[in-house]
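Results of the structural survey
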Amino acid sequence: MTSAIEVHDISKSFGENLVLDRLQLSVSQGEIFALLGPNGAGKTTTIEILTTLVLPDSGQALVKGYDVVQDSTQVKRRISVTGQSAAVDEVLTGYENLIMFGRLMGLRTPEAKDRARELLKQFDLDDAKNRRVATYSGGMRRRLDLALSIVRHPEILFLDEPTTGLDPRSRQDLWHLIRALAKGGTTIFLTTQYLEEADQLADRIAVLDHGRIVAIGSAGDLKKQVGDEYLEIRTRTGDICTTFPIDGSVASVQAALHSLDERFHHALVSIRRPTIDDVFLNLTSAPTNRQPTEHAQGEEQ
Amino acid sequence: MTTTASHSAMSVPARPNLVAEKVLIHRSLIRSIRDAESLLMAILLPVALMLVFTLVFGGAISAAGDYVDYVVPGIILTCAGFGASTTATFVANDMQRGIIKRLRTMPIRANAVLTGHVIASVARNLVATTVVIAVALIIGFKPQWSLVAWLGVLGLITLYILAITYLFAAIGLAAGSAEAASGYGFVLLFLPYLSSAFVPIETMPAWIQPIALHQPITPIIETIRSLLLGASEPVPAMTAVIWCIAILAGAMTWGAWLFRRKAPGRS
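Scoring rules and cut-offs
- Residues numbered from 1 in each chain as written.
- Chains lettered and ligands numbered in written order.
- Predicted model: local features only at pLDDT ≥ 70, side-chain atom pairs only at ≥ 80, totals over all residues.
- Heavy atoms only, no water.
- Bend = angle between axes of the 7 residues up to and from the residue.
- Helix = DSSP H or I, 4+ residues; strand = E, 2+ residues; numbered from the N terminus.
- Contact = heavy atoms within 4.5 Å.
- Buried < 20%, exposed > 50% of the residue type's maximum accessible area, 1.4 Å probe, protein only.
- pLDDT = per-residue confidence, 0-100.
- Salt bridge = Lys/Arg side-chain N within 4 Å of Asp/Glu carboxyl O.
- Pairing = 2+ DSSP bridges.
- Axes fitted to C-alpha atoms, helices over the stretch in contact; angles between N-to-C directions.
- Patch = residues over 30% accessible without salt bridge, like charges linked within 9 Å, V, L, I, M, F, W, Y side chains within 5 Å.
- Areas by Shrake-Rupley, 256 points an atom, 1.4 Å probe, with all protein chains shown as cover.
- Polar contact = N/O pair within 3.5 Å; in protein donor to acceptor, adjacent residues only side chain to side chain.
- Nonpolar A, V, L, I, M, F, W, Y, C, P; charged D, E, K, R; others polar.
- Core = buried A, V, L, I, M, F, W, Y, C linked by side-chain atoms within 4.5 Å.

Of all the bends in helix α2 (residues 36–61) of chain B, the greatest, near 30 degrees, is centred on B:Leu55. Contacts from the buried residues of α2(B) go to α3 (67–97) and α5 (112–138) of chain B.

Now the structure itself:
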């Protein structure tokens, strides 16, 4: 399978601060790849290097086989980027924004108008098409931003934290749109700080920490590395009484609950999944002083 | 729904020439018309300023009532400064919002976005200048009517607006935020007051006179005044043009450098 993106030993510092440390990764054609990491892990810098905005200090990055430094124009012709802030013109309407970017991408005016109307429908912005973007909600702006990125179908779409700051409903809408794009054959490279987002969207997830990939694999692989789901029993005051490892099935939950006697009838039940915190605390090299977790206690049961 | 789901993702063809410039100039012009506040300010402020100077201060400055003849060039230049200063805000805003970043990831000349803002500013300011001159004529401005002189005035004013707008565009790139951009630009707006725009330099304190004499606004004002009223002394047209071109060249170089510095300038 051909690689859409290949990164070999990329390093980048800003002043004293080493942001990317001999980064290695490869993304296959047509895949949804998520770069997961906390703030400051180097996610945005990675995207900026791959989209020709920032020069690496050393190493090589290829996008569709073209070097991001030597052949930046070839790279630019094959990619689109949706950054963290919705890069849309507030004074123009949604329709005008789409026409403008269509024209910039080489469509003639009638083509750009047709494409704009098509995208407005597809992204559920038809009712708002003649309103200035300044009046749009956060979710609408992000949808418009995404629509602008695919005016001319890019081969690779980069999404830098596409849903940060959105309400759950808007986030779902955006995930839906991103999945549809991937189905159409677009390779998607996204960054996120939410495990759930990576989990929902990505075929493969790379965990980035201090400029290095500390784990890579499917969502399932990563969660296994941090531990399974578990059932937690707490008192009304929030103290944990006991936990049980479960595999997510009804049977495992039933078995766990059956083992509780009437002392626990007023206790609270919740299901815990590995969180982004767990992933980081477990995968990052710097050990933190997190003592054996509740999960470990669960295993004692 | 599936229209996007094209199975053959196509790559963008080579860009036809000057499309980016055309599209982004169009964008900035639409914005200028829609941004009612700025547009109103660009036109009303010069008129208001001129009325204040001629009707309110004019009597004290020149009892003969011909102050309007003296002050028109100064008003035009002062207001061109105000009008151009909004360019800094617009550019800083594009920077902050990520629009410039987005353009840079596209296979186009991203700095066409600056061209767009600059051309729109020149257009706005020329409209404002026309209105100022029209109002001046109504309240008694009596210029000489020579086509050559008026073409010279138009040329020099356009060149000045272009230069100062480009300078404000570069300030917008340097500032990082729209608020900071309008702050930095403010300093430039004082230059006309320290020139022969409103009162003759001979009437200023001795220590200010060299500053007033050797700053760009004074030769530009003097040239425009000579062209409009008929020259009574040697016209410093050459100095005026050289100042404008120097400012323009400096601002373009600075702007290009800033554009590169904010990202590796390859396109």
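With that out of the way, let us pick up the environment of A:Pro245. Within the element layout of this structure, A:Pro245 appears in strand β12 (residues 240–245). As a C-alpha pair, A:Pro245 and A:Ile216 span 29 residues in sequence and 24 Å in three-dimensional space.

Before going further, it helps to examine the environment of A:Val214. All names here are of chain A. Note that Val214 resides in strand β10 (residues 212–217). On the accessibility criterion, Val214 (28% relative accessible area) is partly exposed. Each C-alpha atom, one on Val214 and one on Leu283, is 6.3 Å from the other, the two residues being 69 residues apart in sequence. Those residues in contact with Val214, other than ones at most four positions away along the chain, are Val207, Asp209 and Leu283.

Should the pLDDT be low somewhere, the predicted coordinates at that spot are not to be read in detail. Confidence along chain A averages 86 in pLDDT terms, with 91% of residues attaining 70 or more. In this model, residues 287–301 of chain A is a region of pLDDT below 50 whose contacts with residues beyond four sequence positions or in other chains number 14 contacts.

Turning our attention to the pattern of salt bridges. For the coordinates displayed, the defined rule picks out 25 salt bridges over all chains. A salt bridge links A:Arg108 to A:Glu111, with the nearest nitrogen and oxygen atoms 3.0 Å apart. For A:Arg108, a relative accessible area of 55% gives the class exposed. The network of salt bridges with common partners includes A:Asp89, B:Arg27, B:Arg31 and B:Asp94.

A word on the sheet that holds strand β13 (residues 268–272) of chain A. Residues and elements named next belong to chain A. Pairing is antiparallel across the open sheet formed by 3 strands, whose spatial order is β12-β11-β13. In this open sheet, the two edge strands, each paired with only one partner strand, are β12 and β13. Between one strand and the next, the sheet's axes are offset by a mean angle of 20 degrees, whatever the strand orientation. Bridge analysis of strand β11 (residues 230–234) against β12 gives 5 bridges, and the strand direction is antiparallel. When the bridges of β12 are listed, Leu231 appears paired with Phe244. Across the face of the sheet, helix α9 (residues 250–258) comes into contact with β11, β12 and β13 while running at roughly 30 degrees to β11.

Residues and elements named next belong to chain A. Buried residues dominate strand β7 (residues 156–160), accounting for 5 of its 5 residues. Neither face of β7 is exposed, since Ile156, Phe158 and Asp160 on one face and Leu157 and Leu159 on the opposite face are all buried. Inspection of the sheet shows strand β6 (residues 79–82) paired to β7 by 4 bridges, in the parallel sense. Residue pairing for β7: Ser80 is matched across the bridge by Leu157. Of the strand pairs in this sheet, β7 and strand β8 (residues 187–192) are connected by 5 bridges, and their pairing is parallel.

What follows is about the environment of B:Trp150. Residue and element names in this part refer to chain B. The residue Trp150 is located in helix α6 (residues 147–175) in this model. Separated by 77 residues in the primary sequence, Trp150 and Leu227 have C-alpha atoms spaced 7.2 Å apart. Apart from residues no more than four positions distant in its own chain, Trp150 is found in contact with Ile133, Pro143, Gln144, Trp145 and Leu228.

Turning next to a nonpolar patch on the surface. Residues and elements named next belong to chain B. Taken together, the side chains of Val52, Leu55, Val56, Phe57 and Ile61 define a hydrophobic patch exposed on the protein surface, amounting to about 440 Å² of accessible area. Locating Leu55 in the fold gives a position in helix α2. A relative accessible area of 61% means that Leu55 is categorised as exposed.

Residues and elements named next belong to chain A. Even without glycine at this site, Asp124 takes up a positive phi of about 60 degrees. Position of Asp124 among the secondary structure elements: in the loop between α4 (109–122) and α5 (138–149). For Glu161, which is not a glycine, the phi torsion comes out positive at approximately 45 degrees. Its place among the elements puts Glu161 in the loop between β7 and α6 (168–183).

Taken together, the contact between chain A and chain B spans 48 residues of the former and 37 residues of the latter. Linking chain A with chain B are 6 salt bridges, by the criterion used here. The shortest N-O distance in the salt bridge between A:Glu48 and B:Lys101 comes to 2.5 Å. Taken together, chain A and chain B are joined by 10 residue pairs in polar contact (both at pLDDT 80 or more). Among the secondary structure elements, those contributing two or more residues to the side of chain A that touches chain B are α2 (72–76), β6, α3 (94–104), α4, α5 and α6 of chain A. Of the residues belonging to the side of chain A that touches chain B, the class tally is 22 nonpolar, 11 polar and 15 charged.

In this structure, A:Leu98, A:Leu104, A:Leu146, A:Ile188, B:Ile75 and B:Leu103 are the most contacted members of the largest nonpolar core, which totals 124 residues. Of all the elements, α6(B) adds the most residues to this core, at 16 residues. Setting aside residues up to four positions removed in sequence, A:Leu104 forms contacts with B:Ala20, B:Val23, B:Leu24, B:Leu103, B:Met106 and B:Ile108. Within the second largest apolar cluster, 28 residues are counted, among which are A:Ala4, A:Leu35, A:Val63 and A:Leu208.

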